[in-house]
Amino acid sequence: MATTKKVSNPAAALGQEVGKLIEDALVGSLRLAMKVYGHTIGPERMKNGTDNVFQIDAVVRDDKGNPVILLDPKYIRYKKHNRDKGSWLCVAHYNLRKTYPSIRKSIAVLAGNWSGTSVDLIKSFGIETLGIPFAHIRKVVADYGIEFDWDEKDRETPRESFETYLGLEQEQKKDIAERLIEPVKKALEDSVIDVIQTTIADQRIKQIELLLKTDSDQMLLLQYESVAKALEGMAGFVSDRRDIRVFLENGIGD
């Protein structure tokens, strides 16, 4: 048995290892396809328009160096962490898409215990979601003698599981990683390649969002179902008016 690393929280350490396995396997599965199309993929620190920095696990850039896809795999064990990681995804991806118009899709691979309400929230920000269930993770690692399901107050089981993980050979860890991403691998590859192969001209407008920022720094989001309705709504703002409530109350955004 391998010597245990000096970690204060083996449960968190094992979770980080599993999350890294998933991230590396997903990026690795896409890298060859990206090379074929002259695109690159890798982790990046990106700034939005107000100089806030976001660490993105994988950014796909085209042959001109423009970012076209944001990809973030996120693993959580406990649903109480849904709000933190889910909110971060919403804020980061939304802000970066506003800053970089070349970004055509953002994707979150949600591994572990994600609630339906958190997934719905993430989707509402225009982020495509793919899921790797906790039960699948537990089954895969169990084949290597790793118990992955324990009570939150249990300290012994995660310690033993982390020791077992550390004792695995690199080829065994690679096999675990490949099996972990099986539920999403093909869907992710298809989604990414579809973005690369599909031009803007091939697509039809599904919805238009108009984000208004007032002189008191309040944000108002208006949504339109067609170009015609968007133009009709925007026409109401042609003149510089001090009070815009009349347009909002009249349902211009409907």
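Owing to the predicted nature of the structure, the values given are computational and were not obtained by experimental measurement. (Residues numbered from 1 in each chain as written. Predicted model: local features only at pLDDT ≥ 70, side-chain atom pairs only at ≥ 80, totals over all residues. Heavy atoms only, no water.)

## Examining the pattern of salt bridges
All told, the structure shown has 13 salt bridges when counted by the stated rule. Linking aspartate 57 and lysine 74 is a salt bridge whose minimum nitrogen-to-oxygen distance equals 3.6 Å. Here aspartate 57, found in strand E2 (residues 53–61), pairs with lysine 74, found in strand E3 (residues 67–76); they are 17 residues apart in sequence, far enough to count as distant. Per residue, the accessibility class of aspartate 57 equals that of lysine 74, and both read buried. Of the charged contacts in the structure, one is a salt bridge between lysine 80 and glutamate 152, with a shortest N-O distance of 2.4 Å. A residue pair is termed long-range when its members are at least 10 positions apart, and lysine 80 in the loop between E3 and helix H2 (82–99) and glutamate 152 in the loop between helix H4 (134–142) and helix H5 (156–166) qualify at 72 residues. Residues joined by salt bridges that share partners form a network here, namely Asp143, Asp175 and Arg179. (Salt bridge = Lys/Arg side-chain N within 4 Å of Asp/Glu carboxyl O. Helix = DSSP H or I, 4+ residues; strand = E, 2+ residues; numbered from the N terminus. Buried < 20%, exposed > 50% of the residue type's maximum accessible area, 1.4 Å probe, protein only.)

## Description of the confidence of the model for the protein
Confidence in the prediction for the protein averages 87 pLDDT; 84% of positions are at 70 or higher. Counting contacts from residues 250–254, a segment whose pLDDT is below 50, to residues more than four positions away or on other chains yields 8 contacts. (pLDDT = per-residue confidence, 0-100. Contact = heavy atoms within 4.5 Å.)

## Re the packing of aromatic side chains
For the coordinates displayed, the defined rule picks out 5 aromatic pairs. Ring geometry for tyrosine 75 and phenylalanine 148: centres 6.2 Å apart, planes at 45 degrees, overall tilted. Of this pair, tyrosine 75 sits in strand E3 while phenylalanine 148 is found in the loop between H4 and H5, placing the two residues 73 residues apart along the sequence. Note on tyrosine 75: relative accessible area 10%, which makes it buried. What makes phenylalanine 148 buried here is its relative accessible area of 1%. Between phenylalanine 148 and tryptophan 150, the ring centres sit 5.8 Å apart and the planes meet at 70 degrees, which makes this aromatic pair edge-to-face. (Phe/Tyr/Trp six-rings, centres within 6.5 Å; stacked < 30°, edge-to-face > 60°.)

## Considering the sheet that holds strand E1 (residues 40–47)
What the 5 strands build is an open sheet, ordered E1-E2-E3-E4-E5; its pairing is mixed. Among the strands making up the open sheet, the edge pair consists of E1 and strand E5 (127–133). Strand-to-strand twist of the sheet, defined as the mean angle between neighbouring strand axes without regard to direction, takes the value 30 degrees. Bridging between E3 and strand E4 (residues 105–112) involves 8 bridges; their strand directions are parallel. Pairing of isoleucine 69 across the sheet is with lysine 105, part of E4. (Pairing = 2+ DSSP bridges. Axes fitted to C-alpha atoms, helices over the stretch in contact; angles between N-to-C directions.)

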